[in-house]
Amino acid sequence: MAAAASVALAAATATADAQARAAAYNLADGSFTGRREYAYYGWMRVRAIVSGGRLRDVRILEYPNDNGTSRYINGVALPYLIREAVNVQSSRVDLISGATFTSDAFQKSLADALRRAGR
Amino acid sequence: MRRTEIIMGMPVTVVIPERERADHDVDASAEAVFAYFRDVDERFSPFKVDSETSRIGRREIPPSEASPEMQEVLRLSEETRRMTNGYFDVWLRGRFDPSGLVKGWAISRAAEILDAEGYLSFSIEAGGDIETRGANDEGQPWLIGVRNPFDPSTVIRTVKLANRGIATSGTYIRGEHIYNPRTGERANGIASLTVIGPNAYEADRFATAAFVMGRAGAQYVAGLEGLDAYMVELNGDAVFTPGFAEYVQP
């Protein structure tokens, strides 16, 4: 359980699906230091503080932009991201969010106009 | 009731649960929404030579003499440019194009038209950006799919939204088509970026700006109060904020 929490909290490269995240919320009390993870523009390492089975705080031990100075961010505003592989789903939906073919053409036309305008 | 019309070069859809018919003329209300979008198109299209947007771009109208609606868009554009450190900018290579903000803004304004008529539940979608109110026909939160950027006929996640907005910036099928206003170069690095926020306006402007930031976009949105992101990378991985996971329909 501690390992699951550590991985899930260990920043931008944490891999978790809904089940793993649910498990990670059922935590052993204590202080858990995560693995050093690459976060696009540098390395990141955090420590999770758990009490009463809930995540209370996260200490940022290493952060890409701060040259190793430790930073403290309280549990409300966790700057971590979750990663998953994209999978096609088949559930019924009311509406879909995404660029459409129509707006694709719209934007391509705009792009062409801008190319012309720029040279 | 569900109606779609092509306006501003994109499909605009209004969905109103059948139960609203008891209190409202839903067809007349949908028509009012479409009329509003047609008016926005006339005023704000960068492709119509006589639009106010085109005239401002040609410097025929000083911003101080623009219509109240255009002054609002100019003010919001400047605010967004500052909030995004210049990643969002309606002026690109000397051309004026507020499209990255007007779509979401128009959806939110159209939603206010239905609010004023006393509607409790509806959804308005324009070009893939959506604002939701209340509940769908089944009395449940609206089920909104996130389009697969690698296969637009499919959905990769479904979220449950009530009284929230959602917008996606992306590159579908071929190439990238959103420009980084800082460099004039095409934005790159990610396939799509979806933002959920308090309304379509907030979701749209930050989806536009965060998409231009490339792979740093999701991290940027993670730092914004009340906004969440689902970012699809070109390798087929998705990176998302913990708050986004709260909306996901398992």
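Just so we're clear, the structure is a prediction, and the values are computed from it rather than from any experiment.

Draft legend 1. Quick look at the overall build of chain B. A tally of regular secondary structure across chain B gives 7 helices and 12 strands. Since a compact globule built from 250 residues should have a radius of gyration of about 18 Å, the 18 Å found for chain B is in line with a globular shape. Based on the C-alpha atoms only, the size of chain B along its principal axes is roughly 50 × 45 × 30 Å. Taken across its 250 residues, chain B has 50% of its residues classed as buried. Of the contacts formed within chain B by residues at least 6 apart in sequence, a portion of 54% connects residues at least 24 apart.

Draft legend 2. Structural detail: the overall build of chain A. A count of helical and extended segments in chain A gives 3 helices and 7 strands. Beginning at the N terminus, the succession of helices and strands in chain A can be written as α-α-β-β-β-β-β-β-β-α. Taken across its 119 residues, chain A has 29% of its residues classed as buried. Taking contacts inside chain A between residues at least 6 apart in sequence as the whole, the part at least 24 apart equals 42%.

Draft legend 3. Spotlight on the sheet that holds strand 12 (residues 237-240) of chain B. Spatial strand order, 6(A)-12(B)-11(B)-10(B)-9(B)-6(B)-5(B)-2(B)-1(B): 9 strands in an open sheet with antiparallel pairing. At either margin of the open sheet sits one strand with a lone partner, and together these are strand 6 (82-85) of chain A together with strand 1 (2-7) of chain B. Neighbouring strand axes in the sheet, compared pairwise and without regard to direction, differ in orientation by 15 degrees on average. Relative to strand 12 of chain B, strand 11 (residues 228-233) of chain B is paired through 3 bridges, and the arrangement is antiparallel. For B:V232, the partnering residue across the bridge sits in strand 12 of chain B and is B:A238.

Draft legend 4. Structural detail: helix 5 (residues 200-212) of chain B. In a regular helix each residue adds 1.5 Å, so 13 residues correspond to 18 Å; helix 5 of chain B covers 18 Å between its end C-alpha atoms and thus fits that length. For helix 5 of chain B, the tally of buried residues reaches 13 of 13 residues, placing the bulk of the element in the interior.

Draft legend 5. Local environment of the packing of helix 4 (residues 99-116) of chain B against helix 5 of chain B. All names here are of chain B. Close contact between helix 4 and helix 5 brings their axes to 7 Å; oriented N to C, the two are set at 165 degrees. Between helix 4 and helix 5, the angle is such that the two are roughly antiparallel. In the packing of helix 4 onto helix 5, the handedness of the crossing is right-handed. Touching G100, L101, K103, G104, W105, I107 and S108 of helix 4 are A200, Y201, A203, D204, R205 and T208, all from helix 5. A per-class count over the contact of helix 4 with helix 5 returns 6 nonpolar, 4 polar and 3 charged.

Draft legend 6. Here's a closer look at the pairing of strand 6 (residues 129-133) of chain B. Residue and element names in this part refer to chain B. Counting buried positions over the 5 residues of strand 6 gives 5, a clear majority of the element. Residues of strand 6 alternate between two faces, with D129, E131 and R133 on one and I130 and T132 on the opposite face, all of them buried. The sheet contact formed by strand 5 (residues 122-126) and strand 6 spans 5 bridges and is antiparallel. In the sheet register, A126 faces strand 6, and the bridge partner there is D129. Hairpin geometry of strand 5 and strand 6 is characterised by an intervening segment of 2 residues between the two adjacent antiparallel strands and by a positive phi of about 55 degrees at G127. The pairing of strand 6 with strand 9 (residues 165-170) spans 2 bridges and is classified as antiparallel. Pairing of E131 across the sheet is with G165, part of strand 9.

Draft legend 7. Quick peek at the environment of B:T208. Residues and elements named next belong to chain B. Here T208 is to be found in helix 5. What makes T208 buried here is the crowd of 25 C-beta atoms within 10 Å. Expressed as a C-alpha distance, the spacing of T208 and Y87, which sit 121 residues apart in the sequence, is 8.7 Å. What T208 contacts, discounting residues up to four positions off in sequence, is F88, G100 and S169.

Draft legend 8. Inspection of helix 4 of chain B at higher detail. Relative to the 26 Å expected for 18 residues at 1.5 Å per residue, helix 4 of chain B spans 26 Å between its end C-alpha atoms, a close match to the ideal helical length. Within helix 4 of chain B, 14 of the 18 residues are buried, which leaves it mostly tucked inside the rest of the structure.

Draft legend 9. Spotlight on unusual backbone geometry. Residues and elements named next belong to chain B. For N85, which is not glycine, the phi dihedral falls at a positive 55 degrees. Looking at the secondary structure, you find N85 in the loop between helix 3 (68-83) and strand 3 (91-92). The backbone phi angle of N163 is positive, close to 60 degrees, even though this residue is not glycine. Here N163 is to be found in the loop between strand 8 (155-161) and strand 9.

Draft legend 10. A look at the pairing of strand 11 of chain B. All names here are of chain B. A large share of strand 11 lies buried, amounting to 5 of its 6 residues. Examined bridge by bridge, strand 10 (residues 190-197) and strand 11 share 6 bridges and lie antiparallel to one another. Bridge pairing in strand 11 places I196 opposite D228. Once strand 11 ends, the chain turns through 3 residues before running back antiparallel as strand 12, passing G236 with a positive phi of about 95 degrees.

Draft legend 11. Examining the sheet that holds strand 7 (residues 95-97) of chain A more closely. Judged by pairing direction, the sheet is mixed, and its 3 strands sit side by side in the order 7(A)-7(B)-8(B) without closing on themselves. Edge positions in the sheet fall to strand 7 of chain A together with strand 8 of chain B, since each of these pairs with one other strand and no more. Each neighbouring strand pair of the sheet contributes to a mean axis angle of 35 degrees, computed without reference to strand direction. In the sheet, strand 7 (residues 142-147) of chain B pairs with strand 8 of chain B via 6 bridges, with the strands oriented antiparallel. Among the inter-strand pairings, B:I144 is bridged to a residue of strand 8 of chain B, identified as B:V159.

Basis of the calculations
- Every chain is numbered on its own, with residues counted from 1 as its sequence reads.
- Think of it this way: whatever chain is written first is A, whatever ligand is written first is 1, and the rest follow in order.
- With the structure being a predicted model, the display of local features is reserved for residues of pLDDT at least 70 and the display and counting of side-chain atom pairs for 80 or more, all residues being used for whole-chain, interface and lining totals.
- Each helix corresponds to a stretch of at least 4 residues labelled H or I by DSSP, and each strand to a stretch of at least 2 residues labelled E; elements are numbered beginning at the N terminus.
- Each radius of gyration is computed over the set of C-alpha atoms, and the globule rule expresses the reference value as 2.2 Å times the number of residues to the power 0.38.
- Buried, partly exposed and exposed are defined by the number of other C-beta atoms within 10 Å of a residue's own C-beta, namely 20 or more, between the two limits, and 12 or fewer respectively, with C-beta atoms placed from the backbone.
- Placing a C-beta atom from the backbone of each residue, one calls two residues in contact when those atoms lie within 7 Å.
- What makes two strands pair is DSSP finding at least two bridges between them.
- The convention used is that axes are lines fitted to C-alpha atoms, helices contributing only their stretch in contact, and that angles between N-to-C directions extend from 0 to 180 degrees.
- Expected span, for any helix, means 1.5 Å times one less than how many residues it has.
- If an angle is under 35 degrees, it is roughly parallel; if it is over 145, roughly antiparallel; if it lies from 65 to 115, roughly perpendicular; otherwise it is oblique.
- Each crossing gets its hand from how the near helix is turned against the far one by less than a right angle, where anticlockwise is left-handed and clockwise is right-handed.
- Under the scheme applied, nonpolar residues are Ala, Val, Leu, Ile, Met, Phe, Trp, Tyr, Cys and Pro; charged residues are Asp, Glu, Lys and Arg; polar residues are all the others, including Gly.

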